[in-house]
Amino acid sequence: MISGLVQLFLWQGLGELLSKFFLPSIPGPVLGLLLLLAFLCFRGQVDTDLATVADAFRQHLGLLFVPASVGVLLFLPELQTHALAVSTALLVSVILTIAVTAIVLKVFWYFSLKRNKINAIHKVNAIHREQHHD
């Protein structure tokens, strides 16, 4: 478990360094997670210690909503004053998120179908070549 925590902190530290010196507009932890994701995709597997730590964090993810809830209660009078603007912003952001997600999934689906058709064509061509050589 300690090894998994050390790995997470190292990736976060690397993300912080990149954010500090090269990409100041992107938060360090976000860059660290992206680097970790790229590393895990390249490696093709997740270390058991890292998986244990990730599962422990996932089980307690709800705790991250406590500070947000406290902030809502703290600024409740301001939120009531600007309820229409806040509601509109939330509604528009939800609609845009759903729309962008649908578009991205449609693009991935299109390319997946295209790749499958290309693979099928290659298989058919390979079968035809084998038949002609016999």
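Rules used throughout
- Residues numbered from 1 in each chain as written.
- Predicted model: local features only at pLDDT ≥ 70, side-chain atom pairs only at ≥ 80, totals over all residues.
- Heavy atoms only, no water.
- pLDDT = per-residue confidence, 0-100.
- Helix = DSSP H or I, 4+ residues; strand = E, 2+ residues; numbered from the N terminus.
- Phe/Tyr/Trp six-rings, centres within 6.5 Å; stacked < 30°, edge-to-face > 60°.
- Buried < 20%, exposed > 50% of the residue type's maximum accessible area, 1.4 Å probe, protein only.
- Patch = residues over 30% accessible without salt bridge, like charges linked within 9 Å, V, L, I, M, F, W, Y side chains within 5 Å.
- Areas by Shrake-Rupley, 256 points an atom, 1.4 Å probe, with all protein chains shown as cover.
- Salt bridge = Lys/Arg side-chain N within 4 Å of Asp/Glu carboxyl O.

Some words on the confidence of the model for the protein
Here the protein shows a mean pLDDT of 88. Residues at 70 or above account for 99%. Ranking the helices and strands of the protein by mean pLDDT puts helix H1 (residues 2-21) first, with 92, and helix H4 (residues 65-74) last, with 83.

A look at the packing of aromatic side chains
For the structure on display, the rule yields 2 aromatic pairs. For the pair Trp-11 and Phe-39, a centre-to-centre distance of 5.2 Å together with 40 degrees between the ring planes defines the contact as tilted. Placement of the pair is Trp-11 in helix H1 and Phe-39 in helix H2 (residues 28-43), with a sequence separation of 28 residues. Note on Trp-11: relative accessible area 19%, which makes it buried. Between Tyr-110 and Phe-111, the aromatic rings sit 5.3 Å apart at their centres with planes inclined by 70 degrees, giving edge-to-face as the arrangement. With a relative accessible area of 48%, Tyr-110 lands in the partly exposed category.

With respect to a nonpolar patch on the surface
A cluster of nonpolar residues, Leu-14, Leu-17, Phe-21, Phe-22, Leu-23, Ile-26, Val-30, Leu-34 and Leu-37, forms a patch on the protein surface that exposes about 870 Å² of accessible area. Residue assignment for the nonpolar patch shows that the elements contributing at least two residues are H1 and H2. One can find Phe-21 in helix H1. A residue is classified by how much of its surface remains accessible, and Phe-21, at 60% relative accessible area, is exposed.

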